[in-house]
Amino acid sequence: LVIMCSAVSPAYAAEPESSPYNIQEETDGSTVILFDDGSSITISPVYNDSNPQNNTRATTKTTSGNKDAIFKDSDGNIEWKYTLSASFSYVSGVSSTCTNCSYSTTTNDSSWTFSDGSATKSGNVATGKGKYVKKILFITVNTYNIDIHITCDTYGNLS
């Protein structure tokens, strides 16, 4: 029921096949995908897990952060949450590399199931993916594919 949408930026993607949607950029940096049935997915900006730290080599620093995708029903109740976490090392102004990434998920409604979860790293980018399916009486009524990214520039800024 969900297909990746080319209209959604590469930082996130979540789209159901059957429900038209609207994308809103919020003042706090989050992106909200609003669906016609009143439900929504909020993609948070990256929030730092820690402050940049110096390693034993004076020029190498580390930083880490998280990004969430949160689905709310039409009443504003959180039904599921996907979190991508990533750590990076960087040499200021020179290079950055993702050193570790993982994902976690919670579902607050038993009609949702999660599958195909992954967290992968390539260069200075961490990518988190997963699939949420809602079934009622064994019939699939909603499907959402999640595809979110965290990128670290050469100054340790996460986006």
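Residues numbered from 1 in each chain as written. Predicted model: local features only at pLDDT ≥ 70, side-chain atom pairs only at ≥ 80, totals over all residues. Heavy atoms only, no water.

J.: Can you tell me about the overall build of the protein chain, naming the residues and giving the values?
T.: Summing up its helical and strand segments, the protein chain has zero helices and ten strands in all. For the protein chain, the sequential pattern of α-helices and β-strands runs β-β-β-β-β-β-β-β-β-β. Per-residue burial over the protein chain gives 41% buried out of 159 residues. Intrachain contacts of the protein chain at a sequence separation of at least 6 include 44% that bridge at least 24 residues. Here the protein chain displays about 8,300 Å² of accessible surface, and carbon together with sulfur accounts for 48% of that area. (Helix = DSSP H or I, 4+ residues; strand = E, 2+ residues; numbered from the N terminus. Buried < 20%, exposed > 50% of the residue type's maximum accessible area, 1.4 Å probe, protein only. Contact = heavy atoms within 4.5 Å. Areas by Shrake-Rupley, 256 points an atom, 1.4 Å probe, with all protein chains shown as cover.)

J.: Go over the sheet that holds strand E10 (residues 139-151), please, and point to the residues and values.
T.: An order of E8-E9-E10 is seen for the three strands of this open sheet, with the pairing classed as antiparallel. Where the open sheet ends on each side, the last strands, each with one partner, are strand E8 (112-122) and E10. Ignoring which end each strand starts from, the neighbouring axes of this sheet average 10 degrees apart. For E8 and strand E9 (residues 125-136), the ladder comprises nine bridges, and the chain directions are antiparallel. Along E9, the bridge assignment pairs Thr 113 with Val 133. (Pairing = 2+ DSSP bridges. Axes fitted to C-alpha atoms, helices over the stretch in contact; angles between N-to-C directions.)

J.: Account for the pairing of strand E3 (residues 40-43), with residues named and values stated.
T.: Residues Ser 40 and Thr 42 point to one face of E3 and Ile 41 and Ile 43 to the other, with burial holding for every one of them. Bridge count for strand E2 (residues 31-35) against E3 is four bridges, and the pairing is antiparallel. Looking at the pairing, Ile 33 lines up with Ile 41 of E3. Connecting E2 to the antiparallel partner E3 that follows it, the hairpin turn spans four residues, and Gly 38 within it adopts a positive phi of roughly 95 degrees. Sheet analysis places E3 next to strand E5 (residues 60-72), joined by four bridges and oriented antiparallel.

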